[in-house]
Amino acid sequence: DCTSLTSITIPDSVTSIGSSAFSGCTSLTSITIPGSVISIGWYAFSGCTSLTSITIPDSVTSIGSGAFSGCSSLTSISIPDSVTSIGDWAFYNCTGLTSITIPEGVTSIGRYAFYYCTSLTSISIPDSVTSIDDDAFSNCTSLTSITIPDSVTSIGEYAFYECYALQRVAFTMTDESTAISFANNIFIECYSTIYCYMFSAVDGWAVSTFGQNRVKYLDVIDIDTIRTITLPGDFRLACGESRVLSVGLFPDDHAPVTWSSSNPSVVSVADGTVTANVAGTATITATVGSTSASVTIETYIPAAGFQLSASEVWLLAKSPLQLSVVSYEPAGAVADITWRTSDATRAKVDATGLVTTFIPGNVTITAVTERGITRECLIHLCYPVTAVSLTAPQARLTPGWDMQLTAEVTMRTQSCVNHFVIFSSSDESIATVDAETGLVHGVAPGTVTLTATSANNHSGSFTLTVMEACDTHIPTEDAAVEPTCTEPGLTAGSHCTVCGEILTAQQVIPALGHSFVTDAAVEPTCVATGLTEGSHCERCGLVQAAQTVLPTVDHKYAIFEETAPTCEQDGHKTYVACTVCGHVLIAGSSFPALGHEWGETEYTWSEDKTQVTATRVCAHDNAHIQSETVAVQRIATLSPTQTTEGEYKFVSAAFENKAFTAQEKIGGTIPALGTLHMPFFPASLTAIEPEAFAGTSFQAIIIPDTVTAIGSRAFAGCQDLVYVYIPASVTTLAPDAFADCPDVVIERAGE
């Protein structure tokens, strides 16, 4: 229940609008669907009675059953070419819909799709449509003519039932061998003349159903000569907005139309799309050959804001109050105002802003434009006055000085200050008082009685002495009074205790006014209650609009289509479940995940034999691949001597995936040591430091058994190095000791 929601922006991450997503959002006036959405679910916007426009992007391919049913303020809608089907009840009871464009690509119009669209004057059915289901256009009482293309081979029962204004129906099918399935009660209560081609498949059905006298033949009537053009009725359009005019042409609804405007500067027209440019009136004319039809459009500047005659009022219960709009923004703007009450038990408001009040308490009257802009007036409804008490800052006043009276007004359990009373002076030659505000002005020396009186004659009095200033004043402080939301305050001041002369006048500080903040609405779900949107004053806590508890709502069911199991995820039969809490309405059995069925592992060696890659692919899904690459070393299998060659093989490192096995490949020969350039190491050498021999041209290295450690990059970049012998004495070998030695064969003692 989102009855207060007026607009919404759907993020680009949304791909579908679920079933009943915005159903019953009666204050929603407009919505833009992003290009990411591909489907609009069942009853997605059902009952959005304030929705006047909606933009459907080209990404949408399907409009679900009842998607816009009951959107009675929707006047026109353009369906993109991407949509291929219009579901059952899609625009059911859209009584304000005057025109609609069905795009090429739609193949079927569902049951009750446009049922009771009583303002729909014309509709063009594209050549792609093959079937019109039961009651699709039933009770479209403003529809005057329609052309059914030869692609339509199936029309369900009561498809145009009680379309009382439907006078002409043209079928363009010429083939007599086409198999058709047309119900006999399609045009019940229509009294239409049927136009078709003689001896076509439609001819026999039409004559047997309606009789020869209601059937006329397009063979003898020039179909290219348009005899009727139907346009929507006159309407208003906001400046800057556009609307596609739906035009009904009979009998050829695909004939080219010439459009013109009586005042293009006010309303321009191009290919049937009208655009309001400035405020005024223009007549748009559609012409085909010698036939034409017109529609008058009144354009206006939409209001971006407005002011009410009052924002807060104190009023005796059962008294009337007339509220009105005193100005619009910008200048010259207009708006259609709808009035609402926050509590109909305390006050109601009619279409003119006249408020009728009932029982005491606070009530908020809200004015709303057709675009959702709101202004509010808080009304304090009070009991009759039961007591009045009148006070003043001091009992004496000097001529020429002012002083503010305070009338404490009691109304049973309620109270206020300076409301519901009239102030008066017993002698205005001594002191005057403003009848509404209670501001006293000293005139001449003397004593006067000041009185505050309610309409039902409750009163309070105060005696004031007006006297000349004394020679030596004895000052006393008049304390400051903080203003509240509803009552004014006073600055600090002082007066003489002897003569009452005001030494420092207290200045009135205007009442602060309420600072209302919104208490956010809480959407009810199927598992938790919600709250309506409310508001309260953040200063004094006054509740402007009380939040009420919203009961839990029905489950939001969606259809979850059958999904086959994959290697890693379970599958399931089609089922229906709540998208909020997961409650299953119609169960569907599940299928366990298949698990991976890995094929045989393939090992691929790099061209330079420095790496080997293991790969295997799942037989269920070739997108599931396991792959791992490891480094390769050259390992001596036969040690070279001074005079004989050695041998080596390529050996891969171990794979982390235990399903893969280390690989070997036959290598080659190692030259005899006597043919290779080698360094000499002293017998005292125990360690080879980092980068000690980096970049040298040695071809073979025989590490002496006195060495225990070889540091980082000790022989890095030795491009000519082909053989290294490492004795068992080496216990510390940096992993990059022989980095960038592409052809080296390493032999370690004992391995």
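Anything mentioned here points back to the structure above.
No experiment lies behind these values; they were computed from the predicted model shown. (Residues numbered from 1 in each chain as written. Predicted model: local features only at pLDDT ≥ 70, side-chain atom pairs only at ≥ 80, totals over all residues. Heavy atoms only, no water.)

## Some remarks on the sheet that holds strand β56 (residues 557-560)
Stage number 1. The strand order across the open sheet formed by 3 strands is β56-β58-β59, and the pairing between neighbours is antiparallel. Pairing within the sheet leaves two strands with one partner each, and these edge strands are β56 and β59 (584-586). On average, adjacent strands in this sheet sit at an angle of 30° to one another, irrespective of strand direction.
Stage number 2. When β56 meets strand β58 (residues 575-578), the two strands line up antiparallel, connected through 4 bridges. Considered in β58, the bridge of Phe560 is made with Tyr575. (Pairing = 2+ DSSP bridges. Helix = DSSP H or I, 4+ residues; strand = E, 2+ residues; numbered from the N terminus. Axes fitted to C-alpha atoms, helices over the stretch in contact; angles between N-to-C directions.)

## Overview of the sheet that holds strand β46 (residues 475-478)
Stage number 1. The strand order across the open sheet built from 3 strands is β46-β48-β49, with neighbouring strands paired in antiparallel fashion. Unpaired on one side and paired on the other, β46 and β49 (502-504) mark the two borders of the sheet. Going from strand to strand, the sheet's axes swing by 35° on average, the running direction of each strand aside.

## Focus on unusual backbone geometry
Stage number 1. At the junction of Glu329 and Pro330, the peptide bond is cis and its omega measures out at -5° in the coordinates.
Stage number 2. In this structure, Pro330 sits in the loop between β30 (325-329) and β31 (337-341).
Stage number 3. Despite not being glycine, Asp271 shows a phi value in the positive range, around 55°.
Stage number 4. In this structure, Asp271 sits in the loop between β23 (267-270) and β24 (273-276).
Stage number 5. On the accessibility criterion, Asp271 (75% relative accessible area) is exposed.
Stage number 6. For Asn418, which is not glycine, the phi torsion reads 65° and is therefore positive.
Stage number 7. Tracing the backbone through its elements, the reader meets Asn418 in the loop between β40 (414-417) and β41 (421-425).
Stage number 8. Judged by relative accessible area, Asn418 falls into the buried class, the value being 19%. (Buried < 20%, exposed > 50% of the residue type's maximum accessible area, 1.4 Å probe, protein only.)

## Notes on the pattern of salt bridges
Close approach of charged atoms allows side chains with opposite charge to pair.
Stage number 1. Summed over all chains, the structure comprises 7 salt bridges.
Stage number 2. In this structure, Asp743 engages Arg634 in a salt bridge whose closest nitrogen and oxygen atoms are separated by 3.4 Å. You can see Asp743 sitting in the loop between β70 (732-733) and β71 (745-748) and its partner Arg634 sitting in strand β63 (residues 625-638), a full 109 residues away along the chain. (Salt bridge = Lys/Arg side-chain N within 4 Å of Asp/Glu carboxyl O.)

## Considering the environment of Asp234
Stage number 1. Relative to the assigned elements, Asp234 resides in the loop between β18 (228-230) and β19 (235-238).
Stage number 2. For Asp234, a relative accessible area of 58% corresponds to the exposed category.
Stage number 3. For the pair Asp234 and Ile284, spaced 50 residues apart in sequence, the C-alpha to C-alpha distance is 9.8 Å.
Stage number 4. Setting aside its immediate chain neighbours within four residues, Asp234 contacts Val295 and Thr296. (Contact = heavy atoms within 4.5 Å.)

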